[in-house]
Amino acid sequence: GRIFQFLNRDITGRTWSEERSHPYFKKLVYLGSKTLGDSYWEAELSVPGTGESVGVIMQGTEQGPTDQEVEFCKWTVSNLDSIFEICRAIIAPDYLKWAKTDLPYDWRSEFKPDGFQVPTDGDRRHEWDITYFVPRAGHWFTISLKQGVPVHVSVDG
């Protein structure tokens, strides 16, 4: 770990990282930058009932995530089924293309929530992304939502 950190440090001093604790997230990492708007927080959250976790990226402030961002995170991990159902129709064509089969009714049998990006101010009306790993396809599916509606899917991997 320390060797990796040493080899990947920013010798210009324009970026840095700092680990902090938080009542909800437990461990947070702040990735700071001297470039305005480039700093952000990373955390991992447990997915209820699965024993798995998802990564979270949020803007926050230098002091930590805002209360609205925390509430968005709580809402997201509690509503993964309904979020997927909202995205089902936009995901189906790409799933068929990459997995070579129709999208299953039980999405959790094929899709593993991997992470999400919290929208500005934790407001679901703003654009945000959620990413799932699909082992059968060997790809990550990232869905962008705006105003609570899926607007774009990208497949990576």
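Whatever comes next refers back to the structure up there.
In this report, the structure presented in the accompanying data block is examined. (Residues numbered from 1 in each chain as written. Predicted model: local features only at pLDDT ≥ 70, side-chain atom pairs only at ≥ 80, totals over all residues. Heavy atoms only, no water.)

What about unusual backbone geometry?
The residue K100 is not glycine, and still its phi comes out positive at about 60°. With respect to the element layout, K100 can be found in the loop between α3 (80–99) and β5 (112–117). Residue classification places K100 among the exposed residues on the basis of a relative accessible area of 69%. (Helix = DSSP H or I, 4+ residues; strand = E, 2+ residues; numbered from the N terminus. Buried < 20%, exposed > 50% of the residue type's maximum accessible area, 1.4 Å probe, protein only.)

A few points about the nonpolar core
Within the largest apolar cluster, 35 residues are counted, with the highest numbers of intra-cluster contacts made by I91, F111, F116, I130, F141 and I143. Secondary-structure elements contributing two or more residues to this core are β2 (26–33), β3 (40–46), β4 (53–58), α2 (67–78), α3, β6 (128–134) and β7 (139–146). With seven residues, the top contributor of residues to this core is α3. In this structure, F116 is in contact with L45, V54, G55, V56, I57, F72, C73, T76, V77, W128, D129 and I130, ignoring residues within four places of it in sequence. (Core = buried A, V, L, I, M, F, W, Y, C linked by side-chain atoms within 4.5 Å. Contact = heavy atoms within 4.5 Å.)

Concerning the layout of surface pockets
By volume, the second largest pocket is sized at about 190 Å³. What lines the second largest pocket is F25, K27, L28, V29, E42, A43, E44, G55, V56, I57, D114 and G115. For the lining of the second largest pocket, the secondary-structure elements that each account for two or more residues are β2, β3, β4 and β5. (1 Å grid on protein atoms, 1.4 Å probe; cavity = no way out; pocket = protein on both sides within 12 Å on 5 of 7 lines; lining within 4 Å. Points joined across faces, edges and corners; volume = space filled by probe spheres on them.)

A short note on the pattern of salt bridges
Within this structure, the stated rule accounts for seven salt bridges. A salt bridge links R125 to D123; its shortest N-O distance comes to 2.7 Å. Look at R125 and you get exposed, because its relative accessible area is 54%. (Salt bridge = Lys/Arg side-chain N within 4 Å of Asp/Glu carboxyl O.)

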